[in-house]
Amino acid sequence: MKKLSLYIFLFLFWCNIVFGERVTLGFAGDSCKMFNTTKNEFGKEFDDMFRSEMIGFLTGYNMYVGLNDGNAKRMKTLDHNSMDYAYSNIVEYCRKNSDDHVFIGLIEYYNSLPN
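About the thresholds
Note on numbering: residues in each chain are counted from 1, in written sequence order. Owing to the predicted nature of the model, reporting of local features is limited to residues with pLDDT of at least 70; listing and counting of side-chain atom pairs is limited to 80 or more, with chain, interface and lining totals taken over all residues. The side-chain quantities take in all heavy atoms of the structure and omit both hydrogens and water. Secondary structure elements are taken from DSSP: a helix is a run of H or I of four residues or more, a strand is a run of E of two residues or more, and numbering for both begins at the N terminus. Should any heavy atoms of two residues lie within 4.5 Å, those residues are considered in contact. Accessible surface area values rest on a Shrake-Rupley calculation with a 1.4 Å probe, where residue burial reflects the displayed protein chains alone. In this analysis, axes come from line fits to C-alpha atoms, helices being fitted only over the stretch in contact, and the angle between any two N-to-C directions falls in the range 0 to 180 degrees. Here is the rule for angles: anything less than 35 degrees is roughly parallel, anything more than 145 is roughly antiparallel, 65 through 115 is roughly perpendicular, and the remaining ranges are oblique. Here a crossing is taken to be left-handed if its near helix is turned anticlockwise relative to the far helix by less than a right angle, and right-handed if that turn runs clockwise. Here the expected length of a helix is defined as 1.5 Å per residue gap, with one fewer gap than residues. Exposure is judged per residue with a 1.4 Å probe applied to protein chains only, and the accessible area is read against the type maximum: over 50% gives exposed, under 20% gives buried, and values in between give partly exposed.

Colleague: Teacher, can you tell me more about the overall build of the protein here?
Modeller: Check the secondary structure of the protein and you find 5 helices and 0 strands. Helices and strands appear in the protein in the N-to-C order α-α-α-α-α. Long-range contacts, defined here as pairs at least 24 residues apart, represent 72% of the contacts in the protein between residues at least 6 apart. Summing over all exposed atoms, the protein offers an accessible surface of approximately 7,900 Å²; the carbon and sulfur share of this is 60%.

Colleague: Would you mind going over the packing of helix α3 (residues 44-69) against helix α5 (residues 102-112) with me for this structure?
Modeller: Between two packed helices, the angle of one axis relative to the other and the distance separating the axes together describe the packing. One can describe the packing of α3 onto α5 by two numbers: an axis separation of 11 Å at closest approach and a directional angle of 60 degrees. In terms of their interaxial angle, α3 and α5 are classed as oblique. Of the two possible hands of crossing, α3 and α5 adopt the one that is right-handed. Contact with α3, carried on its side by F50, M54, F57, L58, Y61, N62 and V65, involves V102, F103, L106, I107, Y109 and Y110 of α5 and no other residues of that element.

Colleague: How do you make sense of α3 when you look at a structure like this?
Modeller: One turn of the α-helix equals 3.6 residues, which is why residues spaced by three or four share an orientation. Relative to the 38 Å expected for 26 residues at 1.5 Å per residue, α3 spans 38 Å between its end C-alpha atoms, a close match to the ideal helical length. Taken as a whole, α3 has its buried residues at F46, D47, F50, E53, M54, F57, L58, N62, V65 and G66. Those residues of α3 that are buried lie in contact with α2 (32-42), α4 (83-96) and α5.

Written out as structure tokens, the structure reads:
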């Protein structure tokens, strides 16, 4: 039993080290450099998948703000702009900031939206 506990501990410790730089799952957790490469490689298929992920990320972040505050006063109107506009915003962000991460661009876009 002690060996099993040790193996589990070592495995979880290893996973923490190896995947430590991933702060969110999906393309939103990637660097902008990886985002740009994948976008160029897969084209429209990537665009469609990332739009869904972007909507989920922004919705989750919006819910986090509301739950943290205990009300909806600081929550944003996510449909203020079209999803095409939001997507082009993150594409442009990653084009200009290839050393940054996608989720930083998404949060900056989120902060630009009206309440």
